[in-house]
2 protein chains.
Amino acid sequence: MAAALDFQQMLRGAGLRVTRPRMAVLGAVFAHAHAETDSIIGAVRRELPEVSHQAVYDSLHALTAAGLVRRIQPAGSVARYESRVGDNHHHVVCRSCGVIADVDCAVGDAPCLTASDDRGYSIDEAEVIYWGLCPACSAGRAPEHP
Amino acid sequence: MAAALDFQQMLRGAGLRVTRPRMAVLGAVFAHAHAETDSIIGAVRRELPEVSHQAVYDSLHALTAAGLVRRIQPAGSVARYESRVGDNHHHVVCRSCGVIADVDCAVGDAPCLTASDDRGYSIDEAEVIYWGLCPACSAGRAPEHP
DNA sequence: CCGTTTTCTTGAACCTGTCAAGAAAACACT
DNA sequence: AGTGTTTTCTTGACAGGTTCAAGAAAACGG
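Residues numbered from 1 in each chain as written. Chains lettered and ligands numbered in written order. Predicted model: local features only at pLDDT ≥ 70, side-chain atom pairs only at ≥ 80, totals over all residues. Heavy atoms only, no water.

Asker: Would you mind going over the protein's contact with DNA strand D with me for this structure?
Answerer: Close contacts around DNA strand D come from 19 residues, with Thr19(A), Arg22(A), Ser52(A), Val18(B) and Tyr57(B) the closest. Within 4 Å of the protein, the contacting atoms of DNA strand D are drawn from sugar and phosphate to the extent of 64%. Within the side chain of Arg17(A), one N or O atom sits 3.2 Å away from a base oxygen of DNA strand D. Side-chain polar atom of Tyr57(B) to a phosphate oxygen of DNA strand D: 3.0 Å apart, as the coordinates give it. Broken down by secondary-structure element, the contributors of at least two residues to the surface near DNA strand D are α2 (20-31) and α4 (53-66) of chain A together with α4 (53-66) of chain B. The residue inventory of the surface near DNA strand D, partitioned by class, reads seven nonpolar, seven polar and five charged. (Near = heavy atom within 4 Å. Polar contact = N/O pair within 3.5 Å; in protein donor to acceptor, adjacent residues only side chain to side chain. Helix = DSSP H or I, 4+ residues; strand = E, 2+ residues; numbered from the N terminus. Nonpolar A, V, L, I, M, F, W, Y, C, P; charged D, E, K, R; others polar.)

Written out as structure tokens, the structure reads:
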């Protein structure tokens, strides 16, 4: 777990101003992987009860643009954020309850970055999402999100 | 391009009732690849001016559930639909103008369907989205969607 | 042709997320 | 430290895509 000082350095290193809301948002994203915006707002407010949701949205945008966090949004889901950036991992999403888990890239370092025919696009990222059922849901147990 | 009779058979084959809105929606999805919901509503109304958007949403859900069309929704985009199903192709999305193109799967038939570590999930689909710039946008020309 | 079931119409609501204006805070410089 | 400039946060309203709910209409089986 990264500490307050680390977050501060991360912000400065990315050329961003250090503010309480940003520190709290960064902490929330590191503490809760794949958290949706609403959860992040909740987590931030436990530390700083007065932050506006707008501040959280702005912070998340700034952090995403700076590459400190990554935004993921599987179809049918709201935006989620995670702190693992730059390590080319992918995600498994449960069709039933929506839970997301990380999956390291099957093929190596930057594998999928080449399409068979790139259609003339200049590709800079390959995103892989595996769809299926999480262990709990495939076992027939009640999903987290009924 | 598939004709009305084909659509009718597709619906029946999938155990769905044949209704005018569904026929029109199916036709619209086949005619316009990667069309967003709004465009589909427009296309359907050119044929059946009185359909409600709700009927289109319901039809799209039914067709998607039946596997006749596929719903795709890259992050930051609204829902889009396509008629190529079951052939394991993927998509390139332009970061600038949002245009989507099809890409045949690089590795073969059902390649990416195996994650290095599936985390206990029972995976049934691997979705790959390549992000980059389309030829027009990377050439610096004005994007379609300024 | 009739009854049952599914689907469509109508109209309203919801929920993320964004826009806009001013107040407050952070940083650079002295 | 103090000050000025720039960025960021607060407040409040708003937007667009999608869903919910109730009743009317249409499709299908017999």
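Asker: Looking at this model, I keep getting lost on the interface of chain B and chain A. Mind explaining?
Answerer: Where interface size is given, it is often the accessible area lost as the parts come together that is meant. Taken together, the contact pairs 38 residues of chain B with 38 residues of chain A. Between chain B and chain A, the buried area comes to about 2,900 Å², and carbon and sulfur atoms account for 51% of it. When the buried area of chain B at its contact with chain A is split by residue, Tyr121(B), Glu127(B) and Tyr130(B) rank highest and sum to 22% of it. Summed over the shared surface of chain B and chain A, the result is four salt bridges. Elements with a contribution of two residues or more to the side of chain B that touches chain A: β4 (89-94), β5 (100-104), β6 (122-133) and α5 (135-138) of chain B. Taken together, the residues of the side of chain B that touches chain A break down into 22 nonpolar, eight polar and eight charged. Pairing of strand β6 (residues 122-133) of chain A with β6(B) involves eleven bridges; the strand directions are antiparallel. Its bridge partner being in β6(B), Ile123(A) is matched across the sheet by Gly132(B). (Contact = heavy atoms within 4.5 Å. Buried area = accessible area lost by both parts, 1.4 Å probe. Salt bridge = Lys/Arg side-chain N within 4 Å of Asp/Glu carboxyl O. Pairing = 2+ DSSP bridges.)

Asker: I'm lost on the packing of α2(A) against α4(A) in this one. Help?
Answerer: Each pair of packed helices can be summarised by the angle the axes make with each other and by the distance between the axes. All names here are of chain A. Between α2 and α4, the shortest axis-to-axis distance is 9 Å and the interhelical angle comes to 70°. The orientation of α2 relative to α4 falls into the category roughly perpendicular. For the crossing formed where α2 meets α4, the hand is right-handed. Two secondary-structure elements touch here, α2 through Pro21, Arg22, Val25, Leu26 and Val29 and α4 through Val56, Ser59, Leu60, Ala62 and Leu63. (Axes fitted to C-alpha atoms, helices over the stretch in contact; angles between N-to-C directions. Parallel < 35°, antiparallel > 145°, perpendicular 65-115°, else oblique. Left-handed = near helix turned anticlockwise from the far one by under 90°.)

Asker: In this structure, what is going on with helix α2 (residues 20-31) of chain B? I would like to understand it.
Answerer: For an α-helix, the turn length of 3.6 residues means that residues three or four places apart are oriented alike. An ideal rise of 1.5 Å per residue puts 16 Å on twelve residues; α2(B) measures up with 16 Å between its terminal C-alpha atoms. For α2(B), the secondary structure elements touched by its buried residues are α1 (4-13), α3 (37-47), α4 and β3 (80-82) of chain B. (Expected span 1.5 Å × (residues − 1).)

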